[in-house]
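Below are the chains, spelled out letter by letter.
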Amino acid sequence: MDNGFQGYTDETFEFFMAIRFNNNRPFFLENRDWYLRAVREPSLALAQELAPAVEKLDENLERRPHRVVSRINRDVRFSRDKSPYRDYIWLAFRRPGEERDTTLGVYFDLSDTGASYGMGFYRENRGVMEALRERMRTAPEDLLALYRPLQAEFTLHVNAAKRIKIPEDLPEELRIWYAARGFYLEKDITDFDLIRSSALAEEIRGGYARLAPLYRYILNLQPEGD
């Protein structure tokens, strides 16, 4: 991490493919240095590079690299898939002590097929989503003004409620939002030259900055302490 983030390497993607087809403890232990060099260390460096931008977005988000970067070990206790290791990695900037899947935050994911980054929470956060629906009913133009500039760059994914009555006069662009139990806005990166360069950090920082107005709007829907 002393030299800053220089990008991922071909070794990174080769490791992901190798662990997928050799997903066992002996292979990992034999290749732990490969994992540390090609996956763990550049991810910690990237987390360090992104920390100032994340602090500017929300000073309460966890930014310590060792807390932000996911572990490669999988928790297989409650999973049908008993593979002990992941073949991908992520960075999750979220408030300490809160559930990643239900708390607003920003993230970055990487696998051998490419990368993505964005903001949101996928599992239901009823308080926030009910507050958002109330705002959509009373002031739909506020969310529209924040969402429209992002649509060309970020894709909205929602965990939709199956039965919810959507107001007939709600703008078409907001109907997907209204039915959401959780959501995330995500940008895919398939440019491997970018992923292999230090410019990846700047791309993500810029994306977080563009997401910031919507992030803060949704964050403020839930009073502190709730």
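Definitions and limits used
Residues numbered from 1 in each chain as written. Predicted model: local features only at pLDDT ≥ 70, side-chain atom pairs only at ≥ 80, totals over all residues. Heavy atoms only, no water. Core = buried A, V, L, I, M, F, W, Y, C linked by side-chain atoms within 4.5 Å. Buried < 20%, exposed > 50% of the residue type's maximum accessible area, 1.4 Å probe, protein only. Helix = DSSP H or I, 4+ residues; strand = E, 2+ residues; numbered from the N terminus. Pairing = 2+ DSSP bridges. Phe/Tyr/Trp six-rings, centres within 6.5 Å; stacked < 30°, edge-to-face > 60°. Axes fitted to C-alpha atoms, helices over the stretch in contact; angles between N-to-C directions. Parallel < 35°, antiparallel > 145°, perpendicular 65-115°, else oblique. Left-handed = near helix turned anticlockwise from the far one by under 90°. Contact = heavy atoms within 4.5 Å. Nonpolar A, V, L, I, M, F, W, Y, C, P; charged D, E, K, R; others polar.

Asks: How do you make sense of the nonpolar core when you look at a structure like this?
Replies: Counting 67 residues, the largest nonpolar core has L46, F108, M119, W177, L185, L200 and I218 as the members making the most contacts within it. By residue number, the principal contributor to this core is helix α3 (residues 32-57), which donates 11 residues.

Asks: What should I look at first to understand the pairing of strand β3 (residues 114-121) in this one?
Replies: Each regular strand shows side chains that alternate between the opposite faces of the sheet. With 8 of 8 residues buried, β3 is to be regarded as a mostly interior element. Both faces of β3 are covered, namely the face carrying G114, S116, G118 and G120 and the face carrying A115, Y117, M119 and F121. Bridge count for strand β2 (residues 105-111) against β3 is 7 bridges, and the pairing is antiparallel. Among the inter-strand pairings, F108 is bridged to a residue of β3, identified as Y117. Between β2 and β3, which pair antiparallel in sequence order, lie 2 residues.

Asks: What is the right way to look at the packing of aromatic side chains in this model?
Replies: Given two aromatic rings, their pairing is described by the distance between the two centres and the angle made by the two planes. A full pass over the atoms with the stated rule returns 16 aromatic pairs. With a centroid separation of 5.5 Å and 70° between ring planes, the pair formed by F5 and Y8 is classed as edge-to-face. The same class applies to F5 as to Y8, namely buried. Measuring from centroid to centroid gives 6.4 Å for Y107 and Y184, while their planes differ by 75°, and the two rings are edge-to-face. Of this pair, Y107 sits in strand β2 while Y184 is found in strand β5 (residues 180-189), placing the two residues 77 residues apart along the sequence. Here the aromatic cluster, defined as three or more aromatic residues joined through ring pairs, consists of F15, F28, W34, Y35 and Y85.

Asks: What's the story with the pairing of β5 in this structure? I'm lost.
Replies: Among the 10 residues in β5, 7 count as buried, and that is most of the element. Here β3 pairs with β5 via 7 bridges, running antiparallel. Residue Y117 lies in a different strand from β5, and its bridge partner there is K187.

Asks: Looking at this structure, how should I read the environment of Y147?
Replies: Among the structural elements, Y147 can be located in helix α6 (residues 140-147). Residue Y147 is classed as buried on the basis of its relative accessible area of 8%.

Asks: Would you mind showing me how to read the packing of α3 against helix α9 (residues 199-219) here?
Replies: Two measures define how a pair of helices packs: the angle their axes make with one another and the distance between the axes. Following both chains from N to C, one finds α3 and α9 inclined at 20°, their axes separated by 10 Å at the closest point. Judged on the interaxial angle alone, α9 and α3 are roughly parallel. Note that α3 runs across α9; the crossing there is right-handed. Mapping the contact onto sequence places L46, E49, L50, A53, V54, K56 and L57 in α3 and L200, A201, I204, R205, Y208, A212, Y215 and R216 in α9. Residue classes in the contact of α3 with α9 are distributed as 11 nonpolar, no polar and 4 charged.

Asks: Got a minute to help me understand the sheet that holds β2 in this structure?
Replies: The strands that make up a sheet pair up through hydrogen bonds in the backbone, lying either parallel or antiparallel. Within the open sheet, the 5 strands sit side by side as β1-β2-β3-β5-β4. Their pairing is antiparallel. A single partner strand is all that each edge strand has here, and the edge strands are β1 (88-93) and β4 (155-160). Each adjacent strand pair in this sheet contributes to an overall mean axis angle of 20°, direction not counted. Together, β1 and β2 form the strand contacts of α3, whose direction differs from that of β1 by roughly 25°. Along the sheet, helix α5 (residues 126-138) contacts β3 and β5; its crossing angle with β5, the most-contacted strand, is approximately 90°.

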